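Remarks on the overall topology
Take a look at the letters that make up each chain.
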Amino acid sequence: MARRDRLRPRRQPQGRRRRHDAPRPARAHARRVLPDRQRVRPPLRPRRAPPEAPARPRDRHAPRPDEPRHGDRRDRRRLAPRHHHRAGDQRRLGPHGRPLPAADERRSPVTDLLIKGADLIGKGRKDLLVRDGRVAEIGSITAKGAETVDADGLVLLPGLVDLHTHLREPGREDAETVHSGTRAAAKGGYTAVCAMANSHPVADTAGVVEQVAALGKAAGYADVQPIGAVSVGLEGRQLAEIGAMAQSAANVRMFSDDGHCVWDPILMRRALEYVKTFGGLIAQHAEEPRLTEGAQMNEGAVSAELGLPGWPSVAEEAIIARDVLLAEYTGARVHFCHVSTARSVDIIREAKARGANVTAEVCPHHLLLTDEAARTYDPVYKVNPPLRREADVAVLRGALAEGVIDAVATDHAPHAPQDKDCEWAAARPGMLGLETALSITVLALGGPSAVDWDVVAERTSRTPARIAGLEAHGRDPQPGTEANFTLVDPAATWTVVPADLASLSRNTPYAGMELPVTVQATFLRGRATVLNGKIAEETTE
Ligand SMILES: [Zn+2]
């Protein structure tokens, strides 16, 4: 009996029962009629504040369809929709019932292309016949019916290759897109760019790197090779999907957390061991974060005078020294991004002499500008790593000429006006680079009359292509090679007008400067992306 009592729910005491009895159909009319209780529910939410006290303005928009429920607080925006506005069954159909071809197939079909009288480095003046995107013949050529480009007085360089480009898509399409960034690249003489991983979302999955590669292919101005993130979200805690990105259609070989240093030595070691298995490499943004907290410019006499917190050169050198040792210990490849100090050059020189598997790049701005520019307080000169001393610039130029520094890389970092046109401390670091890199490189290597074009080709094209593993790029024209090259006028000069740049952003530190060397034409697989110094627009169908 005791058990049954426990199993049965106790009857509730009379006072807690509902107030209404169930109606008894038979005797319903016999009951006294009383007014119904009020059935209008009280408001669930408190009343709105009176109009004189407006709601506090929100700091965020409501989430968009491509953002997770709580908006974009962690910059984990989903992939933006590809630009299809039609319903699914119509989407794949173009006007003629077939899919639209990619941009590079859509342009005017070039039958044969004849480049007359270009200065081929080491071979003198030659004609060059291009057929089906490849070099068909080199020599003294007459070809009827071929589209002819007069290259008299122009130097032919293998198409430039940038190891370090920020294309900002996905996520910051107000600053740059893959389309606009690769147009800027073509105008600067580039046929291939490596897109850094610090987009939004971060390129830390196969999906994002494939999306970036597809956008590059659709734009058709330069080959876009995505760089994968080393760590999830560039947060430096957990390795990203390195294997999945390597095996993806984007075929990622280079990984970098650029913008952030892979600071944690165990994460760096694991990443190196991982990429070594498939011949990949880690591109390191060398910056010991504890030494650069709050840093605004190079630490030195100028920062002391201006009262701005300094970014000491040792923050770069300490990480480069550590990673040289890790590269030697693991046998894996490390590439140092934007080397900016004289002592970094010493460390890399010693490492190479010992046979360490390391390479290094320098940015054009570190070959020309110094921290004296900060005296203007113009945030266009704010960059990471910062502009250094005159003595560093001299050593970097020497190291580039000598080959201790392997390549010029732009660190093209477009920023929207609101991120640059503000006070120095609030401005984002970074400068445009793609359209001016060749001119600055030539200046740094002695100027157009003294420069060795073979060294220019080596540092801006052949070596970066080799580092990135882009086999179709960085090759001097030979019968059979892909026709990826650029024609430059060594005798011409041009003035940098920000409004004329192909980039969506305007943050160039060279505005108004007269620079040597113009890019007259760029060819990607035999198709002109730039002709007569102007972007060759798509032919309308
Ligand atoms: Zn960087």
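Rules used in this analysis
Residues numbered from 1 in each chain as written. Predicted model: local features only at pLDDT ≥ 70, side-chain atom pairs only at ≥ 80, totals over all residues. UniProt positions renumbered as here; feature names shortened; annotations may be inferred. Buried ≥ 20, exposed ≤ 12 C-beta atoms within 10 Å, placed from the backbone. Contact = placed C-beta atoms within 7 Å. Pairing = 2+ DSSP bridges. Helix = DSSP H or I, 4+ residues; strand = E, 2+ residues; numbered from the N terminus. Axes fitted to C-alpha atoms, helices over the stretch in contact; angles between N-to-C directions.

- As annotated in an unreviewed UniProt entry, the protein chain carries the name Dihydroorotase and comes from Glycomyces terrestris.
- Comment text from UniProt for the protein chain, heading Pathway (unreviewed entry), reads "Pyrimidine metabolism; UMP biosynthesis via de novo pathway; (S)-dihydroorotate from bicarbonate: step 3/3."
- Per UniProt, the protein chain carries the Function (unreviewed entry) text "Catalyzes the reversible cyclization of carbamoyl aspartate to dihydroorotate."

**Regarding the UniProt feature "active site" (unreviewed entry) in the protein chain**
- Per the UniProt record, "active site" (unreviewed entry) is annotated on D411.
- A residue is classified by how many C-beta atoms lie within 10 Å of it, and D411, with 29 of them, is buried.
- The contact partners of D411, leaving out residues within four places of it in the chain, are H164, H338, C363 and G433.

**What to know about the sheet that holds strand 8 (residues 223-226)**
- Read from one edge of the open sheet, 3 strands run 6-7-8, paired in parallel fashion. The sheet terminates laterally at strand 6 (160-165) and strand 8, the two strands that pair on one side only. Averaged over all pairs of adjacent strands, the angle between their axes in this sheet comes to 20°, without regard to strand direction.
- One ladder, built from 4 bridges, connects strand 7 (residues 190-195) with strand 8; its direction is parallel. Counterpart to C194 in the pairing with strand 8 is Q225.
- Set on the sheet, helix 4 (residues 178-187) makes contact with strand 6, strand 7 and strand 8; between it and strand 7 the angle comes to about 135°.
- Taken strand by strand, helix 14 (residues 453-468) contacts strand 6, strand 7 and strand 8, and its axis lies near 55° from that of strand 6.

**Quick word on the sheet that holds strand 14 (residues 358-362)**
- Reading across from one edge, 9-10-13-14-15 is the order of the 5 strands in this open sheet, with parallel pairing throughout. Among the strands making up the open sheet, the edge pair consists of strand 9 (254-255) and strand 15 (407-408).
- In this structure, strand 13 (residues 333-336) lies alongside strand 14, joined through 3 bridges in parallel fashion. Paired with F336 across the bridge in strand 14 is A360.

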